[in-house]
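Inside the fold
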Amino acid sequence: MEDASTPGRKRIWLRRALRLVGAAIVLLGVVLLFWLRGALYHRLVSFPREEAAWQTLRAQRQPVPGLAGLNDYRGILHSHSKYSHDSEVPFEEILRVLKSTGIDFICLSDHPIQGRADFNLQWRGLHEGKLFVPGFEMKEGIMPFGVASDVVLSNQTDSATLARQISANGGLMFYAHPEEPRDWDCPELVGMEIYNIHTDFKRSSTRLRAMVPDLLVNQRRYPEHVFRTIFVPPVEFLCRWDELNRTRHITGIAGNDCHQNVGVRGIYTTADTIRVEDTSPKVLKEFKLNWFTRPLARLLFGPLKPNRRLFHFQLDPYERSARFVNTHVLARSLSEPTILDGLRAGRVFIGFDMIASSSGFQWFAADGTNQTVMGEAAPFSPATRLAAKSPLPCRFTIIKNGSAVYHQEGRALDWTPSEPGKYRVEAELKVLDNWVPWVYANPIELR
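The structure reproduced in this document is the subject of the present report.

1. Some words on the overall build of the chain
Scanning the chain for helices and strands turns up 11 helices and 24 strands. In terms of overall dimensions, the chain has C-alpha extents of about 110 × 50 × 40 Å along its principal axes. Residue burial in the chain is summarised as follows: out of 447 residues, 51% are buried. Put simply, of all contacts in the chain between residues at least 6 apart along the chain, 68% involve residues at least 24 apart. For the chain, the exposed area adds up to about 21,000 Å²; of that, 55% sits on carbon and sulfur atoms. Of note, the chain has its 55 positive side-chain charges centred 9 Å away from the centre of its 48 negative side-chain charges.

2. Regarding the layout of surface pockets
Approximately 280 Å³ is the volume attributed to the largest pocket. Forming the walls of the largest pocket are 14 residues, and the residues nearest its centre are Glu50, Arg228, Val431, Asn434 and Val436. Sorting the residues of the lining of the largest pocket by element identifies α2 (37–59), α7 (223–228) and β23 (434–441) as the ones contributing at least two each. The greatest single-element share of the lining of the largest pocket, amounting to five residues, is contributed by α2. Looking at the lining of the largest pocket, its residues break down into seven nonpolar, five polar and two charged. Together, 15 residues line the second largest pocket, and His198, Asp257, His259, Asn261 and Val262 are the ones closest to its centre. Its residues assigned to classes, the lining of the second largest pocket shows four nonpolar, seven polar and four charged.

3. A look at a nonpolar patch on the surface
A cluster of nonpolar residues, Trp291, Phe292, Leu296, Leu299 and Leu300, forms a patch on the protein surface that exposes about 650 Å² of accessible area. Tracing the chain through its elements places Leu300 in helix α9 (residues 293–301). Classification of Leu300 as exposed rests on a relative accessible area of 58%.

4. Details of empty space enclosed by the protein
All chains considered together, the criterion is met by two cavities of 30 Å³ or more. Quantified by volume, the largest cavity comes out at close to 70 Å³. Together, Asp242, Asn245, Arg246, Ile399, Lys400, Asn401, Gly402, Lys422, Arg424 and Pro443 line the largest cavity. Elements supplying a minimum of two residues to the lining of the largest cavity: α8 (235–245), β20 (385–400) and β22 (421–431).

5. Focus on the sheet that holds strand β11 (residues 263–268)
Within the open sheet, the four strands sit side by side as β13-β12-β11-β14. Their pairing is antiparallel. Of all strands in the sheet, those bounded by a partner on one side alone are β13 (282–288) and β14 (309–314). Strand-to-strand twist of the sheet, defined as the mean angle between neighbouring strand axes without regard to direction, takes the value 15 degrees. Note that β11 and strand β12 (residues 273–278) share five bridges and pair antiparallel. Considered in β12, the bridge of Val264 is made with Asp278.

6. As for the sheet that holds strand β10 (residues 251–255)
Strands sit in the order β6-β8-β9-β10 across an open sheet of four strands; the sheet is mixed. The sheet terminates laterally at β6 (142–145) and β10, the two strands that pair on one side only. The sheet shows a mean angle of 40 degrees between the axes of neighbouring strands, taken without regard to direction. Note: β6 against strand β8 (residues 172–175), four bridges, orientation antiparallel. Bridge pairing links Pro144 to Met173 in β8. Docked against the sheet, helix α4 (residues 159–168) engages β6 and β8, running at close to 15 degrees with respect to β6.

7. Concerning the packing of aromatic side chains
Inspection of the entire model under this criterion finds 23 aromatic pairs. Centroid distance Tyr83 to Phe91: 5.7 Å. Interplanar angle 50 degrees. Geometry classified as tilted. Judged by relative accessible area, Tyr83 falls into the partly exposed class, the value being 26%. Overall, the relative accessible area of 2% leaves Phe91 in the buried class. Look at Phe145 and Phe174: their rings are 5.6 Å apart centre to centre, the planes differ by 45 degrees, and that puts the pair in the tilted class. Within this pair, whereas Phe145 is found in strand β6, its partner Phe174 is found in strand β8, the two being separated by 29 residues in sequence. One exposure class covers both Phe145 and Phe174, and it is buried. Aromatic ring contacts, followed pair by pair, group Tyr195, Phe201, Phe227, Phe231, Phe324, Phe352 and Tyr440 into a single cluster.

8. A few points about the pattern of salt bridges
Any two side chains of opposite charge can pair, on the condition that their charged atoms come close. Going through the model one piece at a time under the given rule, you end up with 19 salt bridges. The shortest N-O distance in the salt bridge between Glu319 and Arg96 comes to 3.7 Å. With Glu319 in helix α10 (residues 318–324) and Arg96 in helix α3 (residues 91–101), the pair connects residues that are 223 residues apart, well separated along the chain. Using a relative accessible area of 27% as the deciding quantity, one classes Glu319 as partly exposed. Under the relative-accessibility criterion, Arg96 is labelled partly exposed at 40%. One continuous salt-bridge network, built from bridges that share partners, spans Glu88, Arg265, Arg275 and Glu277.

Rules of the game
- Residues numbered from 1 in each chain as written.
- Predicted model: local features only at pLDDT ≥ 70, side-chain atom pairs only at ≥ 80, totals over all residues.
- Heavy atoms only, no water.
- Helix = DSSP H or I, 4+ residues; strand = E, 2+ residues; numbered from the N terminus.
- Buried < 20%, exposed > 50% of the residue type's maximum accessible area, 1.4 Å probe, protein only.
- Contact = heavy atoms within 4.5 Å.
- Areas by Shrake-Rupley, 256 points an atom, 1.4 Å probe, with all protein chains shown as cover.
- Lys, Arg positive; Asp, Glu negative; His and termini not counted.
- Charge placed at Lys NZ, Arg CZ, Asp CG, Glu CD.
- 1 Å grid on protein atoms, 1.4 Å probe; cavity = no way out; pocket = protein on both sides within 12 Å on 5 of 7 lines; lining within 4 Å.
- Points joined across faces, edges and corners; volume = space filled by probe spheres on them.
- Nonpolar A, V, L, I, M, F, W, Y, C, P; charged D, E, K, R; others polar.
- Patch = residues over 30% accessible without salt bridge, like charges linked within 9 Å, V, L, I, M, F, W, Y side chains within 5 Å.
- Salt bridge = Lys/Arg side-chain N within 4 Å of Asp/Glu carboxyl O.
- Pairing = 2+ DSSP bridges.
- Axes fitted to C-alpha atoms, helices over the stretch in contact; angles between N-to-C directions.
- Phe/Tyr/Trp six-rings, centres within 6.5 Å; stacked < 30°, edge-to-face > 60°.

What follows is the structure in C-alpha cells.
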C-alpha cells in the first residue's frame, strides 16, 4: 500500500510545483507589464502620435525673408571633444556630425588638460565649410570662446584674474551650468546658458531611473522621443537672465554639452575576457570567460575576436545632442570674428530644433525705416513696433523686464509697446494639444 501510493504522491507534488512555477511566471509577467506600462503606452500611443505631430509641423514650414545684411547661422555651444577627460570624440567625427545635421558652427568647451587651457590645441576656422571656434569649460563655470591661439590659460588662476585674461586676449566669457553658484556681478561676463542638456540630466536622476523602461522598449524605434523626455522648461534660468538684463546686457545661449558619454559597450580582449566600459571611457567591469560563459557569449554576440566590440548602447550620440537644441547667431558671414561679434551683441536666439527647425525666426523693432534686431538697442517712440516672424505657426509671448505682457498665435506678430524697457519673445509649438517651448530670443532694449 505504501509503495503503491508513492508515485501518486509524487504526481501530486509535481502538479503543485508546476502550479507554483506557473503562478510565479504569471506574477512575474504581471509585475513586468506593470513596470513597463508607461513605456508600452509610449510605444503604442504617445510616441507615434508625437512623431506624427512633429512631421505635420515640419511640413508646414514656410521660408521667412531674411533681414538685410544678416544671415542666420545655426550652431552648437558647449561641446566636448577627445581632449576632454570624459569624451573621446575626434574632430573628424564632429565635422561629420556638423555636415549631417546642417549645423554651421561649433564653439568647443573642452575641459583643461592638467589644468591648462591651450587655445592652440583644438581645430580652428573653417573645415569643409563648417566653423570651429576654440573654447574651454573652466573653473566655476567660466566658459571662454575665441581666445587667441598663442594663449594658454591656467585653471589655477583666481576667477577675477582669469576673466580679465580672457577679455584681454580677445575671448568672450560665458557661464555654463547656471544651476551652480556663479559670480553674476563679474564685469567681463558676456553671456550665460539659459538652457543646458546636461543640467536636465543632473536635475532628473529620478526621471533617468524612470527612463529605463523606455530605453528597453523604445530606444531603437523612437530614440529622439526618449531623449526628449529629459526636457524641463528652464524657468528659473530665464528668471535669472531677465533679472541680470535689467541692469546690464547678458546674452542668452544654449549649452548642448555634447559628450557622447552616456553609454555602455562590451569588448572581447586578448586575455579572453569581456571588458564592459562606459563611453567616458571608464572600465566598469571585466568578466573572465570559462567553459560555460564562452559558448554563451558566442551565442549572444557572435565570433569572439580580440578587440572586437560585442555590444554598444549610446543614449547621447553626438548627433542627437547637437540636434536637440541650437544657438542661432545673426551675422554677416560665417567666420570666427563675425560669430563672436553676434554672440557679444546678443543677435541670438535658441531653438529646440529637434522638434522642427527654427532657422529663419526673427525678432526685431521697427520705427519708420529704422530696424533693430534682437540684442540691439534703439530709442523708444510712440511709433515703435515690435515684430516677430516664424517659419511655423506658433504662439508668441512677449516678455518685458521679466513679465509676460502679450500673447499672439500665428506666423507673425506685430505689437506696439507703450513704454521703454527690455523686450524679448518666446515661441511655443502646439504638439498634441500642448504648447511646447521652441524659441527663446534675446531681448531688444527700447531706451
